[in-house]
Amino acid sequence: MKPLLSLSASLFALGLAGCGEESDTMPVDGRDFDGVAYGESAPYTGKVIDGYLVNARVWLDMDGDGQYTPGPLTVTLDNGASVELASGEPTAMTGAGGNFALDTAELAVPASVGPDLDPRDFPLIALALPGKTLEETPSGDVPVARAYLMSAAPGVRNVTPLTTLARYRSLVGLPAGTGDDLAESLSELNLVRDYVMAGDDRAHAYARALVRFMASQIPDGYNDLLGRSGSDGTERYLSPQGVRLLGISLVRQANTVVALVDDAASGRYRNVDIQSLALPTVPLELSDPTLLTSQRVYAQPERSRILPSNLSDLDLSAELTFDYTEAGRLKSVSADGCLAPSMPELARLISVNGYMAELPTQWLPAAALSSQSRIHYDVEGVDERLEFDWDNRQIRFETTTSCHQHNDVYAGSSELGGTPEITYSWTLAEGALAELVAQLPQPGGGTLTRTLVPDTSNAADQFPGYRLSEQGSAVESLVFDATAQGCEVDIEVKDAPLAVSARQPFTVTSDAPLPAGLVDLALELDAREFSYPEEEDSLSTSRPLRYGVLDLATAGLDNVDSDGAFEWLMLYPALGGAGFIDSQPNLIREAYLKKYSGSQACGREFGDLPSSAFARVEYQYQSLSGYLVGLLQ
């Protein structure tokens, strides 16, 4: 039998139930029998509780995916042998008092194959069905209005909102029932017992509020499916990652929900009107996308003073951290050192309303080349921040540095949290970005206004053109001359990890003279189609590889040797290699800023590192669930 949840010992100071006898009666705390052997011939029994739930689906989650799995189901034993469960995961519907009994006969394994499967080694999952599951209340049975999913850790046979919380706290590496992060009112409770039988009004009030929150996060499509005539809760809808995200969100919001109950109760928990509580509304992205969570920028020459520098000479000058909501929406970008706010990049992000995963390449590279970035990086702490207010269509940029004075951005304070150094706002037309406006307070008074208007002529969604003006006068534009044109990849590089298979020409204009060499500009792409992951499958990529950049202001920095003509090179994980995400194949691994090298042949292999660069940017990603767990820990 596997160990029970690590709740404090005082919560489990309960007597043995019938020492030396097999019993079908559970202790009130919901664990398996206290020191009593499990009788394999008996059904595996337990209770499903919000109040006691009748006609709820319950099953042993033997494959760990959080959804019911029908037969035949193959289970691998610890000795490596496999057994097949013809009926799938043991399952049943609850009866009066929330009681259930799972038929575990198929868990018996021939002695020649291995030991019997023990139901106590697997978590229990319970699903309340909208309009079908009934909650037993003092005033009669009440149909559940909306579906919700609950679980209990292996060895715990009461399935409640509180056992769900305890289980997911344990799964994300937090103490199940203790810890500085857990509200005191929760840490005092036995999270796994039958609080209805025990008459624990406080635990019951918490459970009812947590259920209401849990139900609010079930997707409408799943709720509708379970509410249909003929649905019995065995339908599969959620991914394992989606089920896990529901649990993580519960852990993140539990203290808030409990505090609302405490405030409403004033010590009288039996009388709390749970429906009147203003519970948190937390949209959740159950697809669990992979998101950019940090960048490391190397733009400080270690031995020389001037950029560009040999790659081995480039030292770390900034670290960027990207923060998200549970829905995968970008909340902020913080920099230790300096970041490089870009209006075209913000326009890309606005086009997807802040949901970074909807951009195939996510955040395109940028780097602050000011030598001040390293000076600030060497002092621990956040030096700059972009904060996104999507509801009010505003982005605020704050800085405590002098990294951006060449772009007329002046720090107003040595601390963050005051008046932003740039305020961005935007307007939409028919759901698309119409205009992005940046307002920059100036040291002598007044405000400098820059305006970006997208130019979608021939542009791809992930890389739009634009026209930029300052104080009403045009200063810069990037406009695509044609749509991307494919080319035949050289036969000797057909299977290369990266190859230029398409080219899209564009034109840049400026109110200042352009560098003489900034000609024949084009966005180079790897837009090949692969037979992946199997020979009969197909996977298309759309990876920006190289494009020219005009930046006359950065070229004017004392530590930069440039005429203003730069280019970004971007590299990606090999197909199926380390860091490659099948569902998101266009995520950048690293990027290099170098001198513009002019037009090059389409169809060539791509991926050679430059001999020198102004900056190198490393990308690091996490799944949304992994990111949220990291915040909890």
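Residues numbered from 1 in each chain as written. Predicted model: local features only at pLDDT ≥ 70, side-chain atom pairs only at ≥ 80, totals over all residues. Heavy atoms only, no water.

(A) Representation of the overall build of the protein chain in the model. Broken down by element type, the protein chain carries nine helices and 33 strands. Taken along its principal axes, the extent of the C-alpha atoms in the protein chain is 90 × 60 × 50 Å. Taken across its 633 residues, the protein chain has 53% of its residues classed as buried. A sequence separation of at least 24 residues applies to 64% of the contacts in the protein chain between residues at least 6 apart. A total of about 26,800 Å² of accessible surface is found on the protein chain, and carbon and sulfur atoms cover 47% of it. For the protein chain, the centre of its 42 positive side-chain charges and the centre of its 88 negative side-chain charges are spaced 2 Å apart. (Helix = DSSP H or I, 4+ residues; strand = E, 2+ residues; numbered from the N terminus. Buried < 20%, exposed > 50% of the residue type's maximum accessible area, 1.4 Å probe, protein only. Contact = heavy atoms within 4.5 Å. Areas by Shrake-Rupley, 256 points an atom, 1.4 Å probe, with all protein chains shown as cover. Lys, Arg positive; Asp, Glu negative; His and termini not counted. Charge placed at Lys NZ, Arg CZ, Asp CG, Glu CD.)

(B) A look at unusual backbone geometry. Cis geometry is found at the peptide bond from glycine 71 to proline 72, where omega equals -5°. Of note, proline 72 is situated in the loop between β3 (57-60) and β4 (73-76). Between leucine 307 and proline 308 the backbone carries a cis peptide bond, its omega angle lying at 5°. For proline 308, the location among the structural elements is in the loop between β13 (290-301) and β14 (309-310). The phi angle at aspartate 408 is positive, at roughly 65°, despite the residue not being glycine. Look at aspartate 520: it is not a glycine, yet its phi comes out positive at around 55°. Looking at the secondary structure, you find aspartate 520 in the loop between β25 (502-510) and β26 (522-526).

(C) Summary view of the pairing of strand β31 (residues 590-595). Where burial is concerned, most of β31 is hidden: five out of the six residues are buried. In terms of strand pairing, strand β30 (residues 565-571) meets β31 through six bridges, oriented antiparallel. Paired with leucine 571 across the strands is glutamate 590, a residue of β31. Pairing analysis gives four bridges linking β31 to strand β33 (residues 615-623), with the strands arranged antiparallel. (Pairing = 2+ DSSP bridges.)

(D) Fine view of the nonpolar core. Within the largest apolar cluster, 171 residues are counted, with the highest numbers of intra-cluster contacts made by Leu117, Leu186, Trp363, Leu369, Leu386, Tyr424 and Leu436. Of all the elements, helix α5 (residues 240-265) adds the most residues to this core, at eleven residues. Those residues in contact with leucine 369, other than ones at most four positions away along the chain, are Ala299, Leu307, Thr554, Leu557, Asn559, Val560, Phe566, Leu593, Phe614 and Ala615. (Core = buried A, V, L, I, M, F, W, Y, C linked by side-chain atoms within 4.5 Å.)

(E) Fine view of the sheet that holds strand β7 (residues 99-102). The sheet built from three strands is open, its strands ordered β7-β1-β12 with mixed pairing. The open sheet terminates on both sides in strands that have one partner only, identified here as β7 and β12 (158-159). As defined by bridge partners, strand β1 (residues 44-48) adjoins β7 across four bridges and the pair is classed as antiparallel. Directly across from lysine 47, in β7, lies its bridge partner asparagine 99.

(F) Layout of the confidence of the model for the protein chain. Across the protein chain, the average pLDDT comes to 91, with 92% of residues at 70 or higher. In this model, residues 1-26 is a region of pLDDT below 50 whose contacts with residues beyond four sequence positions or in other chains number 52 contacts. (pLDDT = per-residue confidence, 0-100.)

(G) Region of interest: the state of the cysteines. Considering all chains together, one arrives at two disulfides under this definition. Disulfide pairing places cysteine 338 opposite cysteine 403 at an S-S distance of 2.0 Å. The chirality of the disulfide connecting cysteine 338 with cysteine 403 is right-handed, given an S-S dihedral of about 65°. Of this pair, cysteine 338 sits in the loop between β16 (330-336) and α6 (343-351) while cysteine 403 sits in the loop between β18 (394-399) and β19 (422-429), and the two are 65 residues apart along the sequence. Residues cysteine 338 and cysteine 403 agree in their burial class; the two are buried. (Disulfide = S-S within 2.5 Å.)

(H) Molecular detail of α5. In this model α5 runs 36 Å from its N-terminal to its C-terminal C-alpha over 26 residues, within 8% of the 38 Å that 1.5 Å per residue would give. Along α5, the largest kink reaches about 50° and is centred on glutamine 253. In the stretch just after α5, serine 266 is the one whose phi turns positive, near 50°. (Expected span 1.5 Å × (residues − 1). Bend = angle between axes of the 7 residues up to and from the residue.)

(I) Quick look at the packing of aromatic side chains. One pass over the structure, following the stated rule, counts 13 aromatic pairs. Ring geometry for phenylalanine 322 versus tryptophan 363: centroids 5.4 Å apart, planes at 75°, classification edge-to-face. One end of the pair, phenylalanine 322, is in strand β15 (residues 314-324); the other, tryptophan 363, is in the loop between α6 and α7 (372-377), and 41 residues separate them in sequence. With respect to class, phenylalanine 322 is no different from tryptophan 363; both count as buried. Between phenylalanine 463 and phenylalanine 480 the ring centres are 5.7 Å apart and the planes differ by 75°, which places this aromatic pair in the edge-to-face class. Here the residue phenylalanine 463 occupies a position in strand β22 (residues 463-470), and phenylalanine 480 occupies one in strand β23 (residues 473-480), the gap between them amounting to 17 residues. Here the two residues phenylalanine 463 and phenylalanine 480 agree in accessibility, since each one is buried. Three or more aromatic residues joined by ring pairs make a cluster, and in this case those are Phe463, Phe480, Phe506 and Tyr547. A cation sits over an aromatic face here: arginine 167 above tyrosine 168, 5.2 Å from the ring centre. Positioned over the ring face of tyrosine 298 is arginine 616, at 4.1 Å from the centre of the ring. (Phe/Tyr/Trp six-rings, centres within 6.5 Å; stacked < 30°, edge-to-face > 60°. Lys NZ or Arg CZ within 6 Å of the ring centre and 35° of its normal.)

(J) How the structure looks around the side chain of glutamate 421. Locating glutamate 421 in the fold gives a position in the loop between β18 and β19. Summary of buried charges: glutamate 421 has no salt-bridge partner, and the nearest side chain of opposite charge, arginine 385, is 9.8 Å away. There is a polar contact of 2.9 Å between the side chain of glutamate 421 and the backbone nitrogen of threonine 399. Among the polar contacts made by the side chain of glutamate 421, one reaches the main-chain amide nitrogen of glycine 412 at a distance of 2.8 Å. (Salt bridge = Lys/Arg side-chain N within 4 Å of Asp/Glu carboxyl O. Polar contact = N/O pair within 3.5 Å; in protein donor to acceptor, adjacent residues only side chain to side chain.)

(K) The arrangement of the pairing of β13 in detail. Extensive coverage of β13 is indicated by the burial of eleven of its twelve residues. The pairing of β13 with β33 spans eight bridges and is classified as antiparallel. Among the inter-strand pairings, tyrosine 298 is bridged to a residue of β33, identified as arginine 616. Note that β13 and β15 share seven bridges and pair antiparallel. The residue of β15 that forms the bridge with serine 294 is threonine 321.

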